[in-house]
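In case you want the letters, here they are:
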Amino acid sequence: MTEVTTARFERYAEEISEDITETVKTMGCQPILFIGSGLSRRYMNAPSWDELLAHLAEQCTAIDKGIGFYRQSLKTPIRIGEEFARLYQEWAWGAGRDEFPPELFDDDVDAQAYLKFKVAQHLASLTPQGPANLGNDEHKPEIEALCKIKPHAVITTNYDRMIEMIFPNHEPIVGQQILKGQQLSVGEIYKIHGSVENPDSIVITTTDYDNFYKKKKFLSAKLLTFFNEHPLLFVGYSASDPNIRSILSDIDEALPVKGGIIPNVYILEWNPGIAPDSNPAREKVIATDEGRSIRVKLIEASDFTWVFEAFAANPVLNDVNPRVLRALIARSYNLVRHDIPTMTVEADFKMLDQAVENADSFASLFGIANISDYSAASAQYPLSATQLTDQLGGTGSYLAVSLLKRIKEETGVDIKMTDNRYHRAEKVNTSTFHKYSNEMLTILKKVQAGEPYELRMK
């Protein structure tokens, strides 16, 4: 009994990991990460929205009732934020004046600036000094695996600077800056609800959210290209979070076919009750706007390390610096948009015309050589255990694993023990992914049918 139950969650994790790596490989680009407050809470003990409001209530003498009164009478956090902003302004111009810098008392300062200043001050005080101080010892492997993902971009509703510490080579784009200028769409952190570095940008009150939603269609248009082209991972959000429901509603509207599971969207939820015999759900239906719903892939885990490693399992990009990619794109954009049309540089158009005829010669313009080893190996061993099982008419990976076990029992050969014509083990970070050739599929079909087969290990 123990042997069976021990393998259950391991098999779940293996199949989910294979699905992630195949999705990343099929889409041919790095994932987009949506990071919510749950991750800041996990790694730097940041407060939840309710805890932040409770702290703000304790700091301001003009807030003379307990936080429970405001929850009871105002119901939602943003309405409480609106009322607290009014009370903080009143306090700042009276007994609390010494709590704020002199420049906040100029005539052109927004009335809600005092609340936002205190929000930024509190979160900044909780931020660790350097990435090495993030998380406890238990979380260190998770954070290291997260750092290795090399996301195309990160989108967050968090105000704190934790993400900048984890991805130091990504460029933060804060609040309404997203709507201005030419973002380069690689190696950037979109802080759509503001940042502690710019307290005025923080979205926390009813007024803020009204302004945010007025301009949201422009933000959505910018982000929808991400949704269509990249694997997406939501982490640190509850599936009922209004932010995640709003984003998924935008995705749903852009889908050409309704009703099916979205193959490139994953939600990672922390489940402290995961045990060796657990077999969590693999998808979730989330209500969006106007009575609609959307189905996405669900991942449950008590330890996120293996999930982050699966999203990082692209060795070709392990040493790529997003800052370099961003600089390359910026220079290319300026060259094509400004320099060549205005003749501020001399262009050899004959050479350019020849260079763009194929990918290899075009890459050489940038000093880029093709990296073929990993791609060649992937072409030779294209199938995971889950994909083998699918080809054999089953689901999950159990059928392929059981047939491999039968081969071992019948021939004494454990195909997974070595790299051979049927199997190749790919080691990425601390995780091992087993991939199989089409020859392996042919053998397994014979084993499944009870037909004679012959292994050629050399």
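Description of the structure in this document.

Calculation criteria
- Residues numbered from 1 in each chain as written.
- Predicted model: local features only at pLDDT ≥ 70, side-chain atom pairs only at ≥ 80, totals over all residues.
- Heavy atoms only, no water.
- Helix = DSSP H or I, 4+ residues; strand = E, 2+ residues; numbered from the N terminus.
- Polar contact = N/O pair within 3.5 Å; in protein donor to acceptor, adjacent residues only side chain to side chain.
- Contact = heavy atoms within 4.5 Å.
- Buried < 20%, exposed > 50% of the residue type's maximum accessible area, 1.4 Å probe, protein only.
- Axes fitted to C-alpha atoms, helices over the stretch in contact; angles between N-to-C directions.
- Parallel < 35°, antiparallel > 145°, perpendicular 65-115°, else oblique.
- Left-handed = near helix turned anticlockwise from the far one by under 90°.
- Nonpolar A, V, L, I, M, F, W, Y, C, P; charged D, E, K, R; others polar.
- Pairing = 2+ DSSP bridges.

Turning our eyes to something else, we now look at the side chain of H423. Relative to the assigned elements, H423 resides in strand β9 (residues 423–428). A polar contact of 2.8 Å, which involves the side chain of H423, links it to the side chain of H434. The contact partners of H423, leaving out residues within four places of it in the chain, are Y381, I415, K416, T418, H434, K435 and Y436.

The phi dihedral of K75 falls on the positive side, at around 75°, and the residue is not glycine. Counting through the fold element by element, K75 comes out in the loop between α4 (67–74) and α5 (77–92). Classification of K75 by relative accessible area gives exposed; the value is 59%. Of note in the backbone geometry, K150 takes a positive phi value of approximately 55° without being a glycine. Along the chain, the position of K150 falls in the loop between α7 (140–147) and β2 (153–156). A relative accessible area of 22% places K150 in the partly exposed class.

At a minimum axis separation of 11 Å, helix α3 (residues 49–59) and helix α6 (residues 113–126) run at an interaxial angle of 115°. What the angle tells us is that α3 and α6 run roughly perpendicular. Along this stretch, α3 crosses α6, giving a crossing that reads as right-handed. Here L52, H55 and L56 of α3 come into contact with α6, specifically with L115, K118, V119 and H122. Among the residues making up the contact of α3 with α6, the classes are represented as four nonpolar, two polar and one charged.

A packed helix pair is summarised by two numbers, namely the angle formed by the two axes and the spacing between the axes. Running from N to C, helix α2 (residues 37–44) and α7 cross one another at 130°; their axes reach a closest spacing of 11 Å. By the angle between their axes, α2 is oblique relative to α7. Of the two elements, α2 crosses α7, and the hand of that crossing is left-handed. On the side of α2, the interface is formed by L39, R42 and Y43, while α7 contributes E142, I143 and L146.

Further remarks concern the pairing of strand β4 (residues 188–191). Side chains E188 and Y190 of β4 all project onto a buried face; the interleaved residues I189 and K191 project onto the opposite face, where all are buried too. One ladder, built from four bridges, connects β2 with β4; its direction is parallel. Its bridge partner being in β4, A153 is matched across the sheet by E188. Both strand β3 (residues 171–174) and β4 contribute to a ladder of four bridges, which runs parallel. Residue pairing for β4: P172 is matched across the bridge by I189.

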